[in-house]
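Fold and geometry: a report
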Amino acid sequence: MNPALRRHQARMLRVLDHIDQHLDDALDLDRLSSVAAYSKFHFHRLFTASFGLSLHRYVQLARLKRASYRLAYREGDSVTDIALDAGYEAPDAFARAFRQRFGQSPSDFRKSPDWQPWMDAFDPLDHARSLLMQQRFTPADVSIRTVSPTTVAIMEHHGDPATLPATIQRFIAWRKSVGLHPGNSQTFNVWFSERRPDNPANYRMHLCAGTDLPIAPDDPDVTPGTIPGGRCAVLRVVGHTHNLEPAALFLYRDWLPTSGEEPGDFPLYCQRLRFFPEVPEHETVAELFLPLRPLSPPPPLP
């Protein structure tokens, strides 16, 4: 990549970070062109050419994404507050825009989200962000850490990844019901398949909350388990942690074959440390753990 293109991408990435950090503020052309240090007479065309959607639509989608997360996962947030925070002057204007984008009213989405139209609606946003936010990892980013076993409560998701948000909803509701909030309970995801398996019905992962509390034996959704201790290769990912597949590919394709290590007998997993929408998407943090075999003992002295 030549230096001029690198500078341009850095300026546009600065704009995306600014949008994420200031979704509650006025995000007009004057302000964002100033952040990019481009003339306002050309910036809107530069933005559309770089990301494939207009500046207005990008901001609207970013606000609607945060609003939809709050509707689905934050029962205590009122629809009116969510509408105002999304930049709408009244709930009815927010409701019209929401229904137009997702095919459901905000209230209906909160009660029973239809996740496939939701995922389809945000494809342009996710694509735009992926153009500049592909993280580059190096072997120096990977550390080998010896971790302790962690007892967890497990909710399994088995089936099409498109239905995962509904499982996450149930998991969050269960955590709230037993007082296991992320502030006092570690959060893990354990993957037993690739992010996009050939047969979506085969997708399987565990949503886990760290706890020593006993799990009711008749609980239909949650079972006790343990994330084992031992040596792990650890890769820290900062920003847009909804898709950790690039980080996983780096560990398996680039780091592991040259490390001299052998993978252990437990699947790849991550610990989520900072969450959207509590923090902007570019400030989310996750650590990816690749379990490794124990070191072989040294040969006995002659």
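The structure this text deals with has already been given above.
Nothing here was measured: the structure is a model prediction, and the numbers come from that model. (Residues numbered from 1 in each chain as written. Predicted model: local features only at pLDDT ≥ 70, side-chain atom pairs only at ≥ 80, totals over all residues. Heavy atoms only, no water.)

Moving on, we get to unusual backbone geometry. Going from Phe 276 to Pro 277, the amide bond is cis rather than trans, its omega being 10°. Looking at where Pro 277 falls in the secondary structure, it is placed in the loop between strand E7 (269–274) and strand E8 (285–291). The phi dihedral of Ala 37 is positive, around 60°, even though this residue is not glycine. When you line up the elements, Ala 37 lands in the loop between helix H2 (29–36) and helix H3 (40–51). (Helix = DSSP H or I, 4+ residues; strand = E, 2+ residues; numbered from the N terminus.)

This part is about the sheet that holds E8. Across the sheet, 8 strands lie side by side as E1-E6-E8-E7-E3-E4-E2-E5; this open sheet has antiparallel pairing. The open sheet has two edge strands with one neighbour each: strand E1 (142–147) and strand E5 (222–227). The mean inter-strand angle of the sheet, taken between neighbouring strand axes irrespective of direction, is 35°. In this structure, strand E2 (residues 150–158) lies alongside E5, joined through 6 bridges in antiparallel fashion. Across the sheet, Val 152 pairs through a bridge with Gly 225, a residue of E5. (Pairing = 2+ DSSP bridges. Axes fitted to C-alpha atoms, helices over the stretch in contact; angles between N-to-C directions.)

Moving on, we come to the packing of aromatic side chains. Within this structure, the stated rule accounts for 21 aromatic pairs. Centroid distance Tyr 69 to Phe 276: 4.9 Å. Interplanar angle 75°. Geometry classified as edge-to-face. Taken together, the residues Tyr 69 in helix H4 (residues 55–73) and Phe 276 in the loop between E7 and E8 connect sequence positions 207 residues apart. Note on Phe 276: relative accessible area 17%, which makes it buried. The ring of Tyr 38 has Arg 11 sitting right over it, with the charged end atom 3.7 Å from the ring centre. (Phe/Tyr/Trp six-rings, centres within 6.5 Å; stacked < 30°, edge-to-face > 60°. Buried < 20%, exposed > 50% of the residue type's maximum accessible area, 1.4 Å probe, protein only. Lys NZ or Arg CZ within 6 Å of the ring centre and 35° of its normal.)

For the rest of this paragraph, the subject is the nonpolar core. Val 15, Ile 19, Leu 32, Phe 43, Phe 47, Tyr 58 and Phe 94 are the most contacted members of the largest nonpolar core, which has 40 residues in total. If you list the elements that add at least two residues to this core, you get helix H1 (3–21), H2, H3, H4, helix H5 (79–85), helix H6 (91–102), helix H8 (115–121) and helix H9 (123–132). In terms of residue count, H4 provides more of this core than any other element does, 11 residues in total. Once residues within four sequence positions are removed from consideration, Ile 19 is found in contact with Leu 27, Leu 32, Leu 55, Tyr 58, Val 59 and Ala 62. (Core = buried A, V, L, I, M, F, W, Y, C linked by side-chain atoms within 4.5 Å. Contact = heavy atoms within 4.5 Å.)

In this model, the second largest pocket occupies a volume close to 230 Å³. As for the second largest pocket, its lining consists of Leu 27, Asp 28, Leu 29, Leu 55, His 56, Val 59, Gln 60, Arg 63, Ala 86, Gly 87 and Tyr 88. Per-element accounting of the lining of the second largest pocket gives the leading share, 5 residues, to H4. Its residues assigned to classes, the lining of the second largest pocket comprises 6 nonpolar, 3 polar and 2 charged. (1 Å grid on protein atoms, 1.4 Å probe; cavity = no way out; pocket = protein on both sides within 12 Å on 5 of 7 lines; lining within 4 Å. Points joined across faces, edges and corners; volume = space filled by probe spheres on them. Nonpolar A, V, L, I, M, F, W, Y, C, P; charged D, E, K, R; others polar.)

What the rule picks out here adds up to 16 salt bridges. Two residues, Arg 129 and Asp 20, come together in a salt bridge whose shortest N-O distance is 2.8 Å. In this pair, Arg 129 is assigned in helix H9 and Asp 20 in helix H1, connecting sequence segments 109 residues apart. Grouping residues by exposure puts Arg 129 and Asp 20 together as buried. Its salt-bridge partner being Glu 281, residue Arg 129 comes within 2.2 Å of it at the nearest N-O pair. Of this pair, Arg 129 sits in helix H9 while Glu 281 sits in the loop between E7 and E8, placing them 152 residues apart in sequence. Each member of the pair, Arg 129 as well as Glu 281, carries the same accessibility label: buried. Taken together, the salt bridges that share partners define one network made up of Asp 20, Lys 65, Asp 126, Arg 129 and Glu 281. (Salt bridge = Lys/Arg side-chain N within 4 Å of Asp/Glu carboxyl O.)

Per the stated rule, a full pass over the model turns up 0 disulfides. Cys 208 carries a free sulfur, and the closest cysteine sulfur to it, the one in Cys 270, is 9.7 Å from it. A relative accessible area of 1% places Cys 208 in the buried class. The exposure class of Cys 270 is buried, given its relative accessible area of 0%. (Disulfide = S-S within 2.5 Å.)

With 19 residues, H1 ought to run about 27 Å at 1.5 Å a step, and its terminal C-alpha atoms sit 27 Å apart, in line with that. All of the buried residues along H1 are His 8, Met 12, Val 15, Leu 16, His 18, Ile 19 and Asp 20. Residue Asn 2 occupies the N-cap position of H1, its side-chain oxygen lying 3.0 Å from the main-chain nitrogen of Ala 4. (Expected span 1.5 Å × (residues − 1). Polar contact = N/O pair within 3.5 Å; in protein donor to acceptor, adjacent residues only side chain to side chain.)

Okay, the side chain of Thr 241 next. Structurally, Thr 241 is set in the loop between strand E6 (230–238) and helix H11 (245–259). A residue is classified by how much of its surface remains accessible, and Thr 241, at 6% relative accessible area, is buried. Within the structure, the side chain of Thr 241 is placed 3.1 Å from the side chain of Thr 284, a separation counted as a polar contact. Look past the residues within four positions of Thr 241 in its chain and what remains in contact with it is Arg 272, Thr 284, Val 285 and Ala 286.

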